[in-house]
Amino acid sequence: MRASGRDKVQDYADKFGVPFYAGQRPWGVKVDVVMPCATQNEVNLDNAKAIVANGTKYYVEVANMPTTADAVAYLKANGVVIAPSKAVNAGGVAVSGLEMSQNSMRYSWTSEEVDAKLHQIMQNIFKNSYEAAKKYGMEGDLIAGANIAGFEKVAEAMMAQGVV
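Residues numbered from 1 in each chain as written. Predicted model: local features only at pLDDT ≥ 70, side-chain atom pairs only at ≥ 80, totals over all residues. Heavy atoms only, no water.

J.: Account for the overall build of the protein, with residues named and values stated.
T.: Secondary structure summary: the protein contains seven helices and three strands in total. Helices and strands in the protein line up, N terminus first, as α-β-α-β-α-β-α-α-α-α. Long-range pairs, those at least 24 residues apart, make up 48% of the contacts in the protein with a sequence separation of at least 6. The averaged location of the 17 negative side-chain charges in the protein is 1 Å from the averaged location of its 16 positive side-chain charges. (Helix = DSSP H or I, 4+ residues; strand = E, 2+ residues; numbered from the N terminus. Contact = heavy atoms within 4.5 Å. Lys, Arg positive; Asp, Glu negative; His and termini not counted. Charge placed at Lys NZ, Arg CZ, Asp CG, Glu CD.)

This is the structure we're talking about:
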């Protein structure tokens, strides 16, 4: 529940006629896509086993590192495609950057323009992550790819500044 006392998950479930399981984590529900969005290390190995058992195909980390290392390994070993928090959360950072750009340039983009810019940024993040993983023999491993692509970007910036 929010501090305002409104917008509880139970209210959403009631409004849209969907099941709500009070006091339980949602990992036992059969779905194609799982999107943990709470806290670090929220999803452990037992949760990952339930997620795999339910036939989940895609696991999108929309929180900051919501998955324990052993849970990530289990999901990967069982063919679940993982969109890592490092890449997914880049969207929020990108929107903040777009906002700062608008403010400093005195621009006012429409929501459609911001959405188009964000869409392109996220496509680039996926492409860079996918290509980096492929380059180093880990094709399809978006976690490794995001880590490699992020490292390469920082390393290139450091070299351009003469640090290395």
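J.: A description of the packing of aromatic side chains should follow, citing residues and the corresponding values.
T.: Scanning all chains against the criterion turns up three aromatic pairs. When the centroid spacing of 4.8 Å and the interplanar angle of 45° are considered together, the rings of tyrosine 12 and phenylalanine 16 count as tilted. In this pair, tyrosine 12 and phenylalanine 16 both sit in helix H1 (residues 9–16), four residues apart, roughly one turn of the helix. Seen in terms of ring centroids, tyrosine 107 and tryptophan 109 are 6.1 Å apart; in terms of plane orientation they differ by 45°. Their pairing is tilted. Here the basic side chain of lysine 117 rests over the ring of tryptophan 109, its NZ or CZ set 4.6 Å away from the ring centre. (Phe/Tyr/Trp six-rings, centres within 6.5 Å; stacked < 30°, edge-to-face > 60°. Lys NZ or Arg CZ within 6 Å of the ring centre and 35° of its normal.)

J.: Describe the sheet that holds strand E1 (residues 33–34), listing the residues and the values that go with them.
T.: Strands belonging to one sheet form pairs held by backbone hydrogen bonds; the direction of such a pair is parallel or antiparallel. An order of E1-E2-E3 is seen for the three strands of this open sheet, with the pairing classed as parallel. Edge positions in the open sheet fall to E1 and strand E3 (81–83), since each of these has one partner strand only. One ladder, built from two bridges, connects E1 with strand E2 (residues 58–60); its direction is parallel. Counted as the bridge partner of valine 33 is tyrosine 58 from E2. (Pairing = 2+ DSSP bridges.)

J.: Quick rundown of the environment of methionine 159? Include the residues and the values.
T.: In this fold, methionine 159 is placed in helix H7 (residues 142–160). Each C-alpha atom of the pair methionine 159 and asparagine 78 lies 39 Å from the other, and the pair is 81 residues apart in sequence.

J.: Give a description of the packing of helix H5 (residues 90–105) against helix H6 (residues 111–135) that names residues and reports values.
T.: Look at H5 against H6: their axes get within 10 Å of each other, and the N-to-C directions meet at 135°. By the angle between their axes, H5 is oblique relative to H6. Remark: the crossing between H5 and H6 carries right-handed chirality. On H6, the residues that touch Ala90, Gly91, Ala94, Val95, Leu98 and Gln102 of H5 are Val114, Lys117, Leu118, Ile121, Met122 and Ile125. Of the residues in the contact of H5 with H6, the class split is nine nonpolar, two polar and one charged. (Axes fitted to C-alpha atoms, helices over the stretch in contact; angles between N-to-C directions. Parallel < 35°, antiparallel > 145°, perpendicular 65-115°, else oblique. Left-handed = near helix turned anticlockwise from the far one by under 90°. Nonpolar A, V, L, I, M, F, W, Y, C, P; charged D, E, K, R; others polar.)

J.: Now, about the packing of helix H2 (residues 45–53) against helix H3 (residues 69–77): what can you tell me, with residues and values included?
T.: Running from N to C, H2 and H3 point in directions that differ by 20°, and their axes come no closer than 8 Å. Judged by the angle between their axes, H2 and H3 are roughly parallel. Note that H2 runs across H3; the crossing there is right-handed. Residues Leu45, Ala48, Lys49, Ile51 and Val52 of H2 pack against Asp70, Ala71, Tyr74 and Leu75 of H3. For the contact of H2 with H3, the per-class residue count stands at seven nonpolar, no polar and two charged.

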